[in-house]
Amino acid sequence: MIRRPVAWVVAVVLFAEAFGVAALNWFLGMVVDRQDMSLAGLDPHVMSVSSKIGGIAFGLYFALCGLVALLVALRDRSPAGFGRVLLISAAVVHALLGAFTRGPVGWPAFLFMELVFALIVLLLMTYDRPAEPADAAPGGGQSGDGSPVTSPPAPTTP
């Protein structure tokens, strides 16, 4: 199946992205601090510290999403609850970042963001549970002793 390899790839990409985002924001914070730049009268130290904190927070968010994808790959089960919400939010973040980076950064950044978006959606969709019929018997149509479950005949009216 394609499910496990996709989950592994998503985990690796999200871990790499977590490190990259944190490192980039840390670097930008150092640049602002060393250049002693100010934007609209803001304190350069505040801008530097907030860039570093934002990078760490965003990096931890992507690392947590990568951990969820890693657990999906290890367990070969669909993410549930909070993990599923995290992966859906990561997909939305990548779709929006792709849309916003197209203009200022260019096509390569857009394509990377949309590729990660597609991988996360593929991960979520391949582990989606197939719909069972409403009249399906619990236990796969077998009783506790393994014999098939049969329903009683419908009553007849005279």
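The preceding data block contains the structure.
The structure reproduced in this document is the subject of the present report.

Parameters at a glance
Residues numbered from 1 in each chain as written. Predicted model: local features only at pLDDT ≥ 70, side-chain atom pairs only at ≥ 80, totals over all residues. Heavy atoms only, no water. Helix = DSSP H or I, 4+ residues; strand = E, 2+ residues; numbered from the N terminus. Buried < 20%, exposed > 50% of the residue type's maximum accessible area, 1.4 Å probe, protein only. Expected span 1.5 Å × (residues − 1). Arc of directions from axis to C-beta. Contact = heavy atoms within 4.5 Å. Patch = residues over 30% accessible without salt bridge, like charges linked within 9 Å, V, L, I, M, F, W, Y side chains within 5 Å. Areas by Shrake-Rupley, 256 points an atom, 1.4 Å probe, with all protein chains shown as cover. Salt bridge = Lys/Arg side-chain N within 4 Å of Asp/Glu carboxyl O. Axes fitted to C-alpha atoms, helices over the stretch in contact; angles between N-to-C directions. Parallel < 35°, antiparallel > 145°, perpendicular 65-115°, else oblique. Left-handed = near helix turned anticlockwise from the far one by under 90°. Polar contact = N/O pair within 3.5 Å; in protein donor to acceptor, adjacent residues only side chain to side chain.

**Some thoughts on unusual backbone geometry**
Inference 1: Within the chain, Asp 76 stands out as a residue other than glycine whose phi angle is a positive 55°.
Inference 2: Along the polypeptide, Asp 76 turns up in the loop between helix 2 (44-75) and helix 3 (82-101).
Inference 3: On the accessibility criterion, Asp 76 (29% relative accessible area) is partly exposed.

**A word on helix 3**
For an α-helix the count is 3.6 residues per turn, leaving residues at separations of three or four pointing the same way.
Inference 1: With 20 residues, helix 3 extends 28 Å from end C-alpha to end C-alpha; this agrees with the ideal 28 Å at 1.5 Å per step.
Inference 2: Within helix 3 the residues assigned to the buried category are Gly 83, Leu 86, Leu 87, Ala 90, Ala 91, His 94, Gly 98 and Thr 101. Seen from one end, helix 3 has its buried residues packed into an arc of 140°, which puts them on one side. Seen from the buried face of helix 3, the exposed residues on the opposite side, beyond 90 degrees, are Phe 82, Val 85, Ala 99 and Phe 100.
Inference 3: On the buried face of helix 3, the contacting elements are helix 1 (3-35), helix 2 and helix 4 (107-126).

**So, the environment of Leu 14**
Inference 1: Note that Leu 14 resides in helix 1.
Inference 2: Measuring from C-alpha to C-alpha, the distance between Leu 14 and Phe 62 comes to 5.7 Å, with 48 residues separating the pair along the chain.
Inference 3: The residues contacting Leu 14, other than those within four sequence positions of it, are Phe 62, Cys 65, Gly 66, His 94, Val 116 and Ile 120.

**Examining a nonpolar patch on the surface**
Inference 1: On the surface, Trp 8, Phe 15, Leu 64, Leu 67, Leu 71, Leu 74 and Phe 82 cluster together to form a nonpolar patch covering roughly 640 Å² of accessible area.
Inference 2: Breaking the nonpolar patch down by element, the ones donating at least two residues are helix 1 and helix 2.
Inference 3: If one sorts the elements of the nonpolar patch by residue count, helix 2 sits on top with four residues.
Inference 4: For Phe 82, the location among the structural elements is in helix 3.
Inference 5: Given the relative accessible area of 59%, Phe 82 is considered exposed.

**Looking at the packing of helix 3 against helix 4**
Inference 1: In contact at an axis separation of 8 Å, helix 3 and helix 4 are set at 160° when each is read in the N-to-C sense. Our classification of the angle between helix 3 and helix 4 gives roughly antiparallel. The way helix 3 lies across helix 4 gives a crossing that is left-handed. Of helix 4, the residues touching helix 3 (which contributes Arg 84, Leu 87, Ile 88, Ala 90, Ala 91, His 94, Ala 95, Leu 97, Gly 98, Ala 99 and Thr 101) are Ala 109, Phe 110, Met 113, Glu 114, Val 116, Phe 117, Ile 120, Val 121, Leu 123 and Leu 124.

**Overview of the environment of Arg 3**
Inference 1: Note that Arg 3 resides in helix 1.
Inference 2: For Arg 3, a relative accessible area of 24% puts it in the partly exposed group.
Inference 3: Residues Arg 3 and Ala 73 lie 70 residues apart in sequence; the distance between their C-alpha atoms is 7.9 Å.
Inference 4: The residues touching Arg 3, leaving out its near neighbours within four places in the chain, are Asp 76, Thr 126 and Tyr 127.

**A few points about helix 4**
Inference 1: For helix 4, spanning 20 residues, the distance from its first C-alpha to its last is 28 Å, which sits close to the expected 28 Å at 1.5 Å a residue.
Inference 2: Looking at helix 4, one finds that the buried residues are Ala 109, Met 113, Val 116, Leu 119, Ile 120, Leu 123 and Leu 124. Looking down the long axis of helix 4, one finds its buried residues gathered within 135° of arc, a one-sided arrangement. In helix 4, the exposed residues that point more than 90 degrees away from the buried face are Pro 108, Leu 111, Leu 115 and Met 125.

**Examining the side chain of Thr 101**
Inference 1: Counting through the fold element by element, Thr 101 comes out in helix 3.
Inference 2: A polar atom in the side chain of Thr 101 sits 3.3 Å from the backbone oxygen of Gly 98.
Inference 3: With near-sequence residues (within four places) excluded, Thr 101 lies in contact with Gly 106, Ala 109, Phe 110 and Met 113.

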